[in-house]
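# Coordinate inspection notes
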Amino acid sequence: MDMPERLANERRKRLAAERLLDQKSRELFEANRRLAQHARTLSDEIIETRQTAEELRGQNSLVLSELAEVSQEADVAKQRLWDSLETVKDGFALFDAQDRLVIANRAYLSVFDGLEAVMPGVRYDEIVRLTVEEGIVDIGDRDPLGWIENMLTRWHEEPVPPRVIRLWSGDYIKLVDRRTPSGDMVCLSMNITEMMRMWAAVEAIPDGFVLYDHDDRLVMCNDRYRDFYAESAPAMQPGNRFEDILRFGIEKGQYPEAQGREEEWLSERLNRHHSPEGMIEQRLADGRWLRILEERTPDGGLVGLRVDITEQKRQQEALDRARVAAEAANRAKSAFLANMSHELRTPMNGVVGMAELLCETELNEEQRLYSQTIKESGEALLSLLNDVLDYSKIEADKLQLHPEPFDLERTIYEIVMLLQAPARDKQLDVLIDYDMFLPTWFTGDRGRVRQVLTNLIGNAVKFTAQGHVLVRVVGFEVEEGAVQQVHITVEDTGIGIAEDMQEHIFGEFNQVEDQQNRKFEGTGLGLAITKRLIEMMGGEIWLESEKGEGACFGFRLPLPVAEERDALPSPQTAEVRHVLVVDDQEVNRTILERQLSQLGLDVTCHVTAETALGDAASADLILTDHRMPGMDGYAFARALRRSGYAGPILMLTSNPSHLGRTGENAESGIDLVLQKPVLRRALYEAISTVTPAIAPKPVPPLRQMRVLAAEDNRTNRLVLQKMVSGLNVDMRFAADGNEAIAAFRDSRPDLIFMDISMPECDGKEATGAIRRIEAEEGDLPVPIVALTAHALQGDAEEILAAGLDACLTKPLRKSDILGTIEAHHPETCAPLHPDAPEAGTDPAAAPDGDAEAQPRLRAI
Ligand code: ADP
């Protein structure tokens, strides 16, 4: 290579180098510029950053201080939370995901009673094991390992089921455990001992117990409840609705009564359930009976009890069956009694009637004793029969009352008349004191009032040996002029009744059974019947008595006043101003004095005839008793006449044989003899009769009382005929109803005895016809007394309804027949005992003089 080329090369190289250098220096320059620029930006940024850093630093310290504050607050909150957990009495514990105890409150730990191992970090399974080993938990006779395993299995279930454990102390703890999303386990343990006790109690009661909430969902029920409703039991889960449980039961056939009408039954049952009142009885499918008691609870829920009343039901059903059977038996008994009494009466008619007649024939002493015994036994049997029959009627509620207008004073009078015979034999005075301001006509069941009075007055006569029996009648107006509270007392001077016996004697078959009393006959049914009758009539009976001092039985009856049929006659007493009353008995004197004063007369009373004699001159009328100590009525009359007394003398006697102005009466100068007790009417009429003012009136010859007896049976006619043979009556017989009607038209009798069952036209028909005749002709009704062998209530009702006035049941007793005749004897007729025999041989008296004989005018 040549030199120039080499130089060119070199130069080219240099040039290139110079260009490169130039480029590089430009690049360097540019870089420098950029660097400077960058440096400037950078320094700006640094300044900015520095500033930011400064700011941040400031902010940081703020945050930090806030953070410190927050963490402080968190600490406080944590502490408070913890404090709270410490104060609750339920146990609280927290386990981590590895089942290690993190924290536990005091209540939780207290169960372990200072066991050191139980502290944070201890595993759950360790705790469970310890509780068993240390005997903290009472596992009963269960296998410890099994128990532990069971507890641990439960711990890992999701969700963990609640569990109740029992501690050694007897306390019950309910464990409720929940796992948190992070895997921790929160544990609560509650002491439910109190609740368990209550629950144990609820389980212990023998009744079913159930509680529903306000939404009708089952809260709880005891085993007994489940047991009762065994078919529905599976549906009895807390939370289930009552209706669903019922439906479940219906499907399973739990309620027999729902069968075939399920929906209807359900709605009835739900209605009762929603507004519970009272109790219901329910039959279960297994035949048991439940009583359901339901009550609302304050929170709107419902608490219910189910009581097993199967046994009660069984007894009740047995009782019902027994009652039905007893009622049937009772009806059969009543019918039997009625039939029997009818059947018994018919032959008894012959026995008693004939024995009575036999006694009146000539008999030697032995024969008299025998026939007497037959008669007495027959009568006792009859009275027993009547009482038992009456009582069985009351018992069977068959007895009905038949109110009708009746004369109370006369009713009492008739009873007293019937009792005269036994009273007279004991020289007892039976007196009536009828309040003079009291009306005499009332509306009531005359027959029953008569029965009550007959029992009380009969008892008084029976249990009184001497003295008197006083029937006192007073009234208190309840409604002016309409209803009277009539008080009737029957007072006697007899043996009396000890206080401790006074309740007793009103019971059935009860008597004062001491030796003294056993000598009196009787069933002990009379007062029981009397009491029931008075109560049926709306009244009340009472007794006041002292042993040995006599008895006073009283009763009150509300009785409507009936129109007075025939007003009391007002005697014409123009000539009589001053009346002398002579009687040794104070009650008698008082009664007479009151009755006479009512007429406006001056009355002077004397206890003895002897003192009265001195007073006689001033008297216009003298009323004397028959039997008095010292001078008796006859002697007194004779003495009066001897002394020149010319006025009328009336004598009162208990002995009907002294009635009539005959024999001794006329001879002694007595104008009229009246039988005690004297009805006011009879007394006033008697005064009119003997008073000089009307005395001049020619007294027409008195006709005989006319008695008609309709009876188809010849023997009975014979018995009747014989019974009245001693009486001054015109007795006619009719053999059937038609004959009776004809005889009535023909002779207009004063009294009719009417047999009920007669062929062709019976007694009821005949009576109806007679009543029609009377009504047509405007006559007063004649008393018609039925004679019947029927003792049935229904018969008696029909008899009275047919227009008869009273009823005598066969067999007929002489005293009944005579008593009835005497009671209806018109004053205008000739006396019944014209040829009065000597005192003591009175044909009207019971021939035997039986002191205990009871009247037997059985009214209905
Ligand atoms: P009964 O007279 O048939 O025995 P009651 O029922 O009429 O039956 O009387 C019951 C008892 O009451 C009588 O047995 C008698 O002991 C007693 N009693 C009744 N009335 C009287 C009385 N007035 N005086 C004394 N005791 C009486």
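Residues numbered from 1 in each chain as written. Predicted model: local features only at pLDDT ≥ 70, side-chain atom pairs only at ≥ 80, totals over all residues. Heavy atoms only, no water.

According to UniProt, the feature "modified residue: 4-aspartylphosphate" (unreviewed entry) maps to Asp-625 and Asp-755 in the numbering used here. Within the fold, Asp-625 resides in strand E20 (residues 621–625). Other than its neighbours up to four places away in sequence, Asp-625 contacts Val-582, Asp-583, Asp-584, Gly-633, Met-651, Leu-652 and Lys-676. The residue Asp-755 is located in strand E25 (residues 751–755) in this model. Residue classification places Asp-755 among the buried positions, given a relative accessible area of 3%. Discounting chain neighbours no more than four positions away, the residues touching Asp-755 are Ala-710, Glu-711, Asp-712, Gly-763, Leu-787 and Lys-810. (UniProt positions renumbered as here; feature names shortened; annotations may be inferred. Helix = DSSP H or I, 4+ residues; strand = E, 2+ residues; numbered from the N terminus. Contact = heavy atoms within 4.5 Å. Buried < 20%, exposed > 50% of the residue type's maximum accessible area, 1.4 Å probe, protein only.)

The final tally for this structure, using the stated rule, is 45 salt bridges. Of the charged contacts in the structure, one is a salt bridge between Arg-26 and Asp-22, with a shortest N-O distance of 2.8 Å. A residue pair is termed a helical-turn pair when its members lie 3 or 4 positions apart in one helix, as Arg-26 and Asp-22 do in helix H1 (residues 3–87) at 4 residues. The class of Asp-22 is partly exposed, set by a relative accessible area of 40%. In this structure, Arg-166 engages Asp-138 in a salt bridge whose closest nitrogen and oxygen atoms are separated by 3.3 Å. Of this pair, Arg-166 sits in strand E3 (residues 163–166) while Asp-138 sits in the loop between helix H3 (124–133) and helix H4 (144–155); the two residues are 28 residues apart in sequence, bridging distant segments of the chain. It is possible to trace a salt-bridge network through shared partners that takes in Glu-30, Arg-33 and Arg-34. (Salt bridge = Lys/Arg side-chain N within 4 Å of Asp/Glu carboxyl O.)

Once that is clear, we can look at unusual backbone geometry. The peptide bond linking Glu-158 to Pro-159 adopts the cis configuration, its omega dihedral lying at -10 degrees. Along the chain, the position of Pro-159 falls in the loop between H4 and E3. Non-glycine residue Asp-216 carries a positive phi angle of around 65 degrees. Within the element layout of this structure, Asp-216 appears in the loop between strand E6 (208–212) and strand E7 (218–221). In this structure, Glu-760 takes a positive phi of about 65 degrees despite not being glycine. Take Glu-760: it is sitting in the loop between E25 and helix H23 (763–777).

This part is about the sheet that holds E7. Sheet strands line up and pair through hydrogen bonds in the backbone, either parallel or antiparallel. Taken in spatial order, the 5 strands line up as E7-E6-E10-E9-E8 in an open sheet, and their pairing is antiparallel. Looking at which strands have only one partner, the edges of the open sheet turn out to be E7 and strand E8 (279–283). Mean inter-strand twist for the sheet, computed between neighbouring axes without regard to direction, equals 20 degrees. (Pairing = 2+ DSSP bridges. Axes fitted to C-alpha atoms, helices over the stretch in contact; angles between N-to-C directions.)

With that settled, the discussion passes to helix H13 (residues 446–462). Along its 17 residues, H13 runs 23 Å from first to last C-alpha, staying within 8% of the 24 Å computed at 1.5 Å per residue. For H13, the side-chain oxygen to backbone nitrogen distance between the N-cap and Gly-447 is 3.1 Å, and the N-cap itself is Asp-445. (Expected span 1.5 Å × (residues − 1). Polar contact = N/O pair within 3.5 Å; in protein donor to acceptor, adjacent residues only side chain to side chain.)

What follows covers empty space enclosed by the protein. Scanning the entire structure with this criterion turns up 12 cavities of 30 Å³ or more. By volume, the largest cavity is sized at about 250 Å³. Surrounding the largest cavity, 20 residues form its lining, Tyr-108, Phe-112, Thr-131, Ile-165 and Leu-175 being those nearest its centre. Mapped by element, the contributors of at least two residues to the lining of the largest cavity are H3, H4, strand E4 (172–179) and strand E5 (185–191). The element contributing the most residues to the lining of the largest cavity is H3, with 4 residues. When grouped by side-chain class, the residues that make up the lining of the largest cavity number 17 nonpolar, 2 polar and 1 charged. (1 Å grid on protein atoms, 1.4 Å probe; cavity = no way out; pocket = protein on both sides within 12 Å on 5 of 7 lines; lining within 4 Å. Points joined across faces, edges and corners; volume = space filled by probe spheres on them. Nonpolar A, V, L, I, M, F, W, Y, C, P; charged D, E, K, R; others polar.)

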